[in-house]
Amino acid sequence: MEYFIALLMVLPAFVLAAQRSTYLLDYVFFVVALNRGIRRLVDFYINGAFNPLSTISLTPLVVSAVLLIPAFSRFGQLTPRTRNVASLIMVALAHGFVIGFLSVGFGAVYALGEWMAGFGAFLYAATTPMSARTADRWIRSCGYAALIVAVYGWYQYYTIPEWDAFWVTAVKFVGYLGNLRPTEMSVFSTLHERGPCASFLAWAAIPMILNPRWRILGGWLTVVLLLSVVVLTLTRSMFIIVGLAAMLQPALSKGKGIGRVVVLAVVMMLGANVGLQYMPGSERITKRYDTMKDMQNDGSFKGRMSILTSGIPWVVTHPVGMGLGSSGFGAGRMGGGGGGGGGSSNEPKEGFCDSGYVEVFSQFGWIGGIAFFAAMAQIWGELSRRIRLGGTNSFLTTGRVVLLASLVFLAVGNVFGSFSLFWVFLGISLNRMTLPAAQPVPAWEPMPYEPQAYDPHQPWAIPASGDPRFRAS
């Protein structure tokens, strides 16, 4: 039954790909958002036991991989600069996969699949011949998927469904996620952990904050709902990237959008000072977020800075890196991979994933890491070039905001290594759809007409035939 349900989940993706339907990407958003919730229902009601190697948990990788089929078939349609970006990322992935496969074996395959999920979404969005209406629909589809996640998140917070409690106990997350009592557990909704849940919701909210054209049913109320569940996950770092994106928009757009920053600030202040007072379990949440007032002494912040400072010397002395599968999904799938601690003192620990810059270089080495960040620099350069040439598409200006916010956030977490709306957004911004309209240049320019009077003393100086005063005698 588990295999059958997994097949039912991936089959529509293949049908949509065969039909060349742009709704394939819309479908991927919903599979990514809901697959783990479906898996927990199957484990609880059908299997009667937790299956750590459930095929249902692989469905996001499969449907994301389907994006690569039409994407690579249209690879030649990329602009030369975008093709360079894609090639540099592929160099990084290829180098990381080879080193990872030699180091940790099959875990590198899973890790590559996770990276390719994001990269495949980027290529698909960059190569699809589409209209602005299709691009806007993709962004809103992610918003609707996040709306389902948010509504279920509040249900989970107040009830702790049996299948969710069953999973928390099976994976030994009691304590880490809080107590298995209503309002005393961190929300993870239909995702596989509280961090990914917060990330999915925050990325869905960011476009709604930056531009009203990407808001869905409910407008700002939906934004408040999504961010409220991010609060329930107790994942503070995602508010960093939301705040960064909101402030960078007017900074990079000559002040345009400053009103939305003010609205967001008011919403956050009201939620923090008023909303929490009436919410059950607010003491635990308030205690968690109050530590942000004194970041220098916050344990999580100090730990991330320690990872960064200890990780940089490790990267300098390990130019080859450990390859894909040394941390993240691949390591977890194969029981720890190469970076799960317990190794020699000169090996990176799993915590390196809390510093995205260190994790990128630990997975890709110097060659892959430099290629990856060179690709990011070229994305910035291409978006800026299109704007200078007169491009006015909203994805150009907002794409730069999303890219810069992600690169800043990379100091405390890696948002690049899996499927995300971030990748889709960058792909759309580099699509031919956002190219500035070409200005027509005439092949020749006629000389201005200057009429001349007929001089009878110089009959040979005959005016141009276009002169209406000239008459043949």
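In this text the structure is predicted, and so the values were computed from the model without any measurement. Counting starts from 1 at the beginning of each chain's written sequence and moves along it residue by residue. Reporting in this predicted model follows two pLDDT cut-offs: at least 70 for local features of residues, and 80 or more for side-chain atom pairs to be given and counted; totals over whole chains, interfaces and linings ignore these cut-offs and use all residues. Side-chain measures were taken over the full set of non-hydrogen atoms in the model, leaving aside hydrogen atoms and water.

### Focus on the overall build of the protein
Right, on to step 1. When you go through the protein residue by residue, the secondary structure sums to 18 helices and 0 strands.
Right, on to step 2. The rule is simple: take the accessible area with a 1.4 Å probe, protein chains only, and divide by the maximum for that residue type; under 20% is buried, over 50% is exposed, in between is partly exposed. Counting the 473 residues in the protein, one finds 52% classified as buried.
Right, on to step 3. Residues count as neighbours in contact if any of their non-hydrogen atoms are within 4.5 Å of one another. Counting contacts in the protein only where the partners sit at least 6 residues apart, residues at least 24 apart contribute 74% of the total.
Right, on to step 4. With residues, only the protein chains shown are counted as cover, and all accessible areas are computed by Shrake-Rupley using a 1.4 Å probe. When the accessible surface of the protein is totalled, it reaches about 21600 Å², and 66% of it is carbon and sulfur. The secondary structure listing takes helices from DSSP runs of H or I that are at least 4 residues long and strands from runs of E that are at least 2 residues long, numbered from the N terminus.

### With respect to the nonpolar core
Right, on to step 1. For the purposes of this section, nonpolar cores are sets of buried Ala, Val, Leu, Ile, Met, Phe, Trp, Tyr and Cys residues that join through side-chain atoms within 4.5 Å. Phe-372, Met-376, Phe-416, Phe-419 and Ile-428 are the most contacted members of the largest nonpolar core, which totals 127 residues.
Right, on to step 2. Leaving out residues up to four positions away in the same chain, Phe-416 has contacts with Trp-115, Phe-372, Met-376, Ser-406, Leu-407, Leu-410, Phe-422 and Trp-423.
Right, on to step 3. If you look at the next biggest cluster of nonpolar residues, it comprises 7 residues, including Ala-165, Trp-167, Met-185 and Phe-188.

### What to know about the packing of aromatic side chains
Right, on to step 1. Any two of the Phe, Tyr and Trp rings considered here, Trp counted by its six-membered ring, make a pair once their centres fall within 6.5 Å; the pair's planes then place it as stacked at under 30 degrees, edge-to-face at over 60, or tilted in between. As enumerated under the stated definition, the model contains 31 aromatic pairs in all.
Right, on to step 2. On the basis of an interplanar angle of 90 degrees and a centroid distance of 4.9 Å, the ring pair of Phe-44 and Tyr-45 is categorised as edge-to-face.
Right, on to step 3. Classification of Phe-44 by relative accessible area gives partly exposed; the value is 24%.
Right, on to step 4. Here Phe-395 and Phe-425 contribute two aromatic rings whose centre-to-centre distance is 5.1 Å and whose plane-to-plane angle is 55 degrees, an arrangement assigned as tilted. Residue Phe-395 is located in helix H17 (residues 394-409), and its partner Phe-425 is located in helix H18 (residues 421-429); the two are separated by 30 residues in the primary sequence. Neither residue differs from the other here; Phe-395 and Phe-425 are each classed as buried.

### Considerations on the side chain of Arg-74
Right, on to step 1. Within the element layout of this structure, Arg-74 appears in the loop between helix H4 (68-73) and helix H5 (80-104).
Right, on to step 2. One buried charge, Arg-74, has no salt-bridge partner; the nearest side chain with opposite charge is Asp-26, at 12 Å.
Right, on to step 3. Sequence-distant contacts of Arg-74, defined by excluding residues within four places in its chain, comprise Arg-20, Tyr-124, Thr-127, Thr-128 and Pro-129. Counted as positive: Lys and Arg. Counted as negative: Asp and Glu. His and the chain ends are not counted at all. By convention in these notes, a salt bridge is any Lys or Arg side-chain nitrogen within 4 Å of a carboxyl oxygen on Asp or Glu.

### A short note on helix H2 (residues 23-47)
Right, on to step 1. Axes are fitted to the seven residues ending at a residue and to the seven starting at it; the angle between these axes is taken as the bend at that residue. Maximum bend of H2: about 45 degrees, positioned at Leu-34.
Right, on to step 2. With its phi angle positive at about 70 degrees, Gly-48 sits one or two positions after the end of H2.

### Here's the deal with the environment of Ser-186
Right, on to step 1. Topologically, Ser-186 is positioned in the loop between helix H8 (162-170) and helix H9 (194-210).
Right, on to step 2. Sequence separation of Ser-186 and Arg-284 is 98 residues, and the distance between their C-alpha atoms is 9.9 Å.
Right, on to step 3. Contacts of Ser-186, omitting those with residues within four sequence positions, involve Leu-177, Arg-194, Leu-232, Thr-233, Leu-234 and Arg-284.

### Here's the deal with the side chain of Glu-382
Right, on to step 1. Take Glu-382: it is sitting in helix H16 (residues 356-388).
Right, on to step 2. A residue is classified by how much of its surface remains accessible, and Glu-382, at 3% relative accessible area, is buried.
Right, on to step 3. As used in this structure description, the phrase polar contact means that two N or O atoms lie within 3.5 Å; if the pair is within protein, one of them must be able to donate a hydrogen and the other to accept it, and residues adjacent in sequence are counted only when both atoms belong to side chains. Within the structure, Glu-382 has its side chain in polar contact with the side chain of Arg-385 (distance 3.0 Å).
Right, on to step 4. A distance of 2.7 Å separates the side chain of Glu-382 from the side chain of Arg-386, its partner in a polar contact.

### Here's the deal with the pattern of salt bridges
Right, on to step 1. Tallying each qualifying case throughout the model produces 8 salt bridges.
Right, on to step 2. As a salt-bridge pair, Asp-26 and Arg-137 come within 3.0 Å of each other at their nearest N and O atoms. One end of the pair, Asp-26, is in helix H2; the other, Arg-137, is in helix H7 (residues 132-159), and 111 residues separate them in sequence.
Right, on to step 3. Between Arg-40 and Asp-164 there is a salt bridge, with its nearest N and O atoms 2.9 Å apart. Taken together, the residues Arg-40 in helix H2 and Asp-164 in helix H8 connect sequence positions 124 residues apart.

### Side note on the packing of H17 against H18
Right, on to step 1. Where H17 contacts H18, the two axes come as close as 9 Å, and the packing angle between them is 140 degrees. Classified by the angle their axes make, H17 and H18 are oblique. H18 is crossed by H17, and the crossing has left-handed handedness. Within the contact between the two elements, H17 uses Phe-395, Leu-396, Thr-398, Gly-399, Val-402, Leu-403 and Ser-406 and H18 uses Phe-422, Phe-425, Leu-426, Ile-428 and Ser-429.
Right, on to step 2. The residue inventory of the contact of H17 with H18, partitioned by class, reads 8 nonpolar, 4 polar and no charged. Helix axes use the C-alpha atoms of the stretch in contact, all axes being lines fitted to C-alpha atoms, and the angles between their N-to-C directions lie in the range 0 to 180 degrees. If an angle is under 35 degrees, it is roughly parallel; if it is over 145, roughly antiparallel; if it lies from 65 to 115, roughly perpendicular; otherwise it is oblique. Less than a right angle of anticlockwise turn of the near helix away from the far helix marks a crossing as left-handed, whereas a clockwise turn marks it as right-handed. Polar here means any residue outside two lists: the nonpolar Ala, Val, Leu, Ile, Met, Phe, Trp, Tyr, Cys and Pro, and the charged Asp, Glu, Lys and Arg; Gly therefore counts as polar.

### Some remarks on the packing of H9 against helix H11 (residues 237-252)
Right, on to step 1. Running from N to C, H9 and H11 point in directions that differ by 15 degrees, and their axes come no closer than 10 Å. Between H9 and H11, the angle falls in the class roughly parallel. With respect to the hand of their crossing, H9 and H11 are arranged in right-handed fashion. The residues of H11 that touch H9, namely those facing Ala-198, Ser-199, Ala-202, Trp-203, Ile-206, Ile-209 and Leu-210, are Met-238, Ile-241, Val-242, Ala-245, Ala-246 and Gln-249.
Right, on to step 2. Along the lines of polarity and charge, the residues of the contact of H9 with H11 split into 11 nonpolar, 2 polar and no charged.

None of the figures reported here should be taken as evidence of function without further support.
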